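This is what each chain is made of:
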Amino acid sequence: MSVLEITGLHVSVEDKEILRGVDLTVRSGETHAIMGPNGSGKSTLAYSVAGHPKYTVTSGRITLDGEDVLAMTVDERARAGLFLAMQYPVEVPGVTVSNFLRSAATAVRGEAPKLRTWVKEVRTEMSDLEMDPTFAERNVNEGFSGGEKKRHEILQMALLKPKIAILDETDSGLDVDALRTVSEGVNRARAGGDLGMLLITHYTRILRYITPDFVHVMSAGRIVESGGADLAAQLESEGYTRFGGGDGGEGTPGADGVEPAEHGRVLPGVGAGGA
């Protein structure tokens with residue numbers, strides 16, 4: 001069993017404190033939903049765990065299976081088993097999806113996948129996500145629709161098989177059909193019971209497809225309430241007003257102090273991808 005443990009985490013961006021003492025533990029087989037209004041610190045938490053350089057951890061600890069995550073570089077975090085699906089995936093011109101995926105898998109697994117089995121594995125996962133086979137020869141995220149970008153994020157997660165996956169507003173920008181397909185991909189990854197998941201969202205619509213074990217409300221940089229899946233239903237009917245926050249709209253740029261389009265990921269041997 002793997003355990004991601006976050007203790008007393010304080011994080012600043014350009015000397016502005018965003019997280020003000022976050023405590024959270026995610027174990028293998030558990031799905032935790034983090035909900036809250038814009039600006040509450042949800043994405044800051046995700047990118048701090050992943051190691052984005054614009055986020056400065058001023059105090060607190062993050063460990064994965066007892067190992068100090070904060071002492072790891074971004075690529076070391078990916079190799080250790082952390083994965084981040086971004087809200088705003090970046091384009092990587094000149095790098096095809098197929099080359100990117102194999103390079104990422106090689107970096108994380110420590111050796112290149114055998115080509116014959118790898119091709120079959122990729123095709124199977126793409127078929128499950130209702131992705132056209134020609135998608136593999138397109139440049140990473142270049143000209144992708146919102147649904148294609150999110151499918152690609154879940155494809156990476158399925159192939160890299162992390163210990164802990166953080167999904168940052170994966171439901172944003174998806175129509176009903178794309179949301180269903182992406183959610184089914186997430187549920188397949190969860191089915192084995194080995195994956196711990198932190199699912200960040202504003203709204204409950206994705207939670208109709210992916211049932212969380214725990215729901216946490218974040219406000220003003222802290223987790224202010226935790227409960228089961230019924231807490232999400234309560235939030236849908238009551239909103240975030242009692243926690244001191246409104247809803248500024250889904251996907252508001254810069255809500256956590258950094259323009260989301262600037263969020264990038266670096267994997268060993270890859271320019272940007274799934275850390």
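Residues numbered from 1 in each chain as written. Predicted model: local features only at pLDDT ≥ 70, side-chain atom pairs only at ≥ 80, totals over all residues. Heavy atoms only, no water.

**Digging into the overall build of the protein chain**
Helix and strand counts for the protein chain stand at seven helices and twelve strands. For the protein chain, with 275 residues in total, the buried portion stands at 51%. Restricting the contact set of the protein chain to residue pairs at least 6 apart, pairs at least 24 apart contribute 72%. When the accessible surface of the protein chain is split by element, carbon and sulfur atoms take 49% of a total near 11,500 Å². (Helix = DSSP H or I, 4+ residues; strand = E, 2+ residues; numbered from the N terminus. Buried < 20%, exposed > 50% of the residue type's maximum accessible area, 1.4 Å probe, protein only. Contact = heavy atoms within 4.5 Å. Areas by Shrake-Rupley, 256 points an atom, 1.4 Å probe, with all protein chains shown as cover.)

**Concerning the packing of aromatic side chains**
Within the structure shown, the criterion is met by two aromatic pairs. With 4.6 Å between their ring centres and 45 degrees between their planes, Phe-135 and Phe-144 make a pair best called tilted. The pair Phe-135 / Phe-144 is uniform in exposure class, with both members buried. (Phe/Tyr/Trp six-rings, centres within 6.5 Å; stacked < 30°, edge-to-face > 60°.)

**A look at the nonpolar core**
Of all hydrophobic cores here, the largest spans 46 residues; its most connected members are Met-157 and Leu-167. For this core, the element with the most residues is helix H3 (residues 97-109), which contributes six residues. Contacts of Met-157, omitting those with residues within four sequence positions, involve Phe-83, Pro-162, Ala-165, Leu-167, Val-186, Ala-189, Leu-195 and Met-197. If you look at the next biggest cluster of nonpolar residues, it comprises 31 residues, including Ala-80, Leu-84, Ile-164 and Ile-200. (Core = buried A, V, L, I, M, F, W, Y, C linked by side-chain atoms within 4.5 Å.)

**Here's the deal with the layout of surface pockets**
The calculated volume of the largest pocket comes to roughly 250 Å³. Forming the walls of the largest pocket are 15 residues, and the residues nearest its centre are Met-157, Ala-158, Lys-161, Arg-188 and Ala-189. Split by residue class, the lining of the largest pocket holds seven nonpolar, three polar and five charged. The volume enclosed by the second largest pocket comes to roughly 180 Å³. What lines the second largest pocket is Ser-98, Asn-99, Leu-101, Arg-102, Leu-115, Trp-118, Val-119, Val-122, Arg-123, Met-126, Pro-133 and Ala-136. Elements supplying a minimum of two residues to the lining of the second largest pocket: H3 and helix H4 (115-128). Broken down by class, the residue content of the lining of the second largest pocket amounts to eight nonpolar, two polar and two charged. (1 Å grid on protein atoms, 1.4 Å probe; cavity = no way out; pocket = protein on both sides within 12 Å on 5 of 7 lines; lining within 4 Å. Points joined across faces, edges and corners; volume = space filled by probe spheres on them. Nonpolar A, V, L, I, M, F, W, Y, C, P; charged D, E, K, R; others polar.)

**Examining the sheet that holds strand S3 (residues 31-35)**
The mixed open sheet is built from six strands, whose spatial order is S6-S9-S10-S3-S11-S12. For this open sheet the edge positions go to strand S6 (82-85) and strand S12 (222-227), each flanked by a neighbour on one side alone. Sheet twist, expressed as the average angle between the axes of neighbouring strands with direction ignored, equals 20 degrees. As paired strands, S6 and strand S9 (residues 164-168) are joined by four bridges and run parallel to one another. (Pairing = 2+ DSSP bridges. Axes fitted to C-alpha atoms, helices over the stretch in contact; angles between N-to-C directions.)

**Examining the environment of Phe-83**
Relative to the helices and strands, Phe-83 resides in strand S6. Linking Phe-83 and Lys-161, residues 78 residues apart in sequence, is a C-alpha distance of 8.7 Å.

**Notes on unusual backbone geometry**
Of note, the phi angle at Glu-130 is positive, near 55 degrees, even though the residue is not glycine. A relative accessible area of 47% places Glu-130 in the partly exposed class.

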